[in-house]
Amino acid sequence: MGFNWQAGMVVFGAELDAQWSGQSNAVSLICTPPRPGCTATEAIQIRSLTTGRARIGLAFDWLMPYVTAGGALVNARDDLTVNVGGLSASFPPLSGTTLGWTAGAGVDIALSSNWSARLEYLHIRANGITPSVLIPGVLGNGTAAETASYRDNIVRVGLNYRIGPAAVLGCWRRAFYRGLHMH
């Protein structure tokens with residue numbers, strides 16, 4: 001959800017959005033320090049993304065291209081399994097949330113005085129997730145820690161509804177980009 005304010009052709013706005021994510025990847029790791037017969041597998045999942053962004057665009061009749069940038073909050077989980085000398089153990093999940101940034105561009109296309117469609121690209125970067133967990137007893141004592149950074153590229157399509165008075169078709173463009181919208 002967000003809001004827009006228009007001055008001439010220039011449209012200023014702010015947005016806040018949140019989404020759950022099922023993005024995941026599995027990777028094989030090298031044990032450090034190297035040990036004979038040690039293998040590790042890590043399953044990484046981005047669980048949720050939240051962004052708060054400013055945006056600026058130019059209104060051309062039914063079309064408004066824009067650029068956007070702001071902060072991003074990334075919540076991720078890593079599941080680690082280690083095999084050493086025939087012993088296997090799964091670590092408790094490593095999970096954490098960190099603040100990063102996002103930037104992108106998009107276009108809004110007016111469908112009526114209150115409805116618009118959107119095509120948007122966002123690049124997200126978040127550094128510094130540093131969770132730690134206890135090492136499973138079968139592998140010894142101590143803790144395992146990880147420092148991770150996340151990079152993501154998102155392309156999304158949205159449908160927006162403008163909350164506010166209905167626009168008159170002759171001046172819909174000015175009224176369309178004022179008020180609150182949801183997507």
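In what follows, the structure referred to is the one given above.
The numbering scheme is per chain: residues are counted from 1 as the chain's sequence reads. Local features in this predicted model are restricted to residues whose pLDDT is 70 or higher, and side-chain atom pairs enter the listing and the counts only when it is 80 or higher, whereas totals over whole chains, interfaces and linings include all residues. The basis for every side-chain value is the complete set of non-hydrogen atoms in the structure, without hydrogens or water.

Draft legend 1. How the structure looks around the packing of aromatic side chains. The criterion for an aromatic pair is that two Phe, Tyr or Trp rings (for Trp, the six-membered ring) have centres within 6.5 Å, with stacked assigned to planes under 30 degrees apart, edge-to-face to planes over 60 apart and tilted to the rest. Following the criterion strictly, the structure yields two aromatic pairs and no others. With a centroid separation of 5.9 Å and 25 degrees between ring planes, the pair formed by Trp5 and Phe12 is classed as stacked. Whether a charge lies above a ring is judged from NZ of Lys or CZ of Arg, which has to be within 6 Å of the ring centre and within 35 degrees of the ring normal. For the cation-ring pair, Arg55 lies above Tyr66, with the distance from its terminal atom to the ring centre recorded as 4.3 Å.

Draft legend 2. View of the pairing of strand 3 (residues 24-29). Type-normalised accessible area, obtained with a 1.4 Å probe on protein chains alone, sets the label of each residue: buried when under 20%, exposed when over 50%, and partly exposed for intermediate values. A helix here means a DSSP run of H or I that spans at least four residues, while a strand means a run of E at least two residues long, and both kinds are numbered starting from the N terminus. Taken across its six residues, strand 3 has zero buried, putting it largely on the surface. Here the rule is simple: two strands pair whenever DSSP picks up at least two bridges between them. Bridge analysis of strand 3 against strand 4 (residues 38-58) gives six bridges, and the strand direction is antiparallel. Opposite Ala26, over in strand 4, you have Ala43 as the bridge partner.

Draft legend 3. Main features of the pattern of salt bridges. Put simply, a salt bridge is a Lys or Arg side-chain nitrogen that is within 4 Å of an Asp or Glu carboxyl oxygen. Per the counting criterion, the structure on display carries 11 salt bridges. The salt bridge partner of Glu15 is Arg55, with a shortest N-O separation of 3.7 Å. Here Arg55 lies in strand 4 and Glu15 lies in strand 2 (residues 10-20), a separation of 40 residues in the sequence. This pair shows no difference in class: Glu15 is buried, exactly as Arg55 is. In the salt-bridge network here, residues are joined through shared partners; they are Glu15, Asp17, Arg53, Arg55, Asp108, Arg118, Glu120 and Arg156.

Draft legend 4. Molecular detail of the side chain of Asp108. Tracing the backbone through its elements, the reader meets Asp108 in strand 7 (residues 94-110). Judged by its relative accessible area of 2%, Asp108 falls in the buried class. Among the polar contacts listed, one links the side chain of Asp108 to the side chain of Arg55, at a separation of 3.0 Å. Polar contacts here mean pairs of N or O atoms no more than 3.5 Å apart (in protein, one a potential hydrogen donor and the other a potential acceptor; neighbouring residues in sequence count only if both atoms are side-chain atoms).

Draft legend 5. Local environment of the environment of Glu120. Residue placement: Glu120 occurs in strand 8 (residues 115-129). Note on definitions: a residue-residue contact is assigned when non-hydrogen atoms from the two residues lie within 4.5 Å. Once you skip the residues sitting within four places of it in the chain, Glu120 turns out to touch Glu15, Arg53, Tyr66, Thr68, Ala105, Gly106, Ile154, Val155 and Arg156. Separated by 2.8 Å, the side chains of Glu120 and Tyr66 make a polar contact.

Draft legend 6. Spatial organisation of the nonpolar core. Working definition of a nonpolar core: buried Ala, Val, Leu, Ile, Met, Phe, Trp, Tyr and Cys residues. They are joined through side-chain atoms within 4.5 Å. In this structure, Ile46, Leu49, Ala72, Val74, Ala76, Ile124, Ala126, Ala148, Tyr150 and Ile154 together form the largest nonpolar core, which totals 10 residues. Mapped onto this core, the elements with two or more residues apiece are strand 4, strand 5 (63-84), strand 8 and strand 11 (148-163). Counting residues in each nonpolar core, the second largest holds six residues, with Cys31, Cys38, Ala40 and Val82 among its members.

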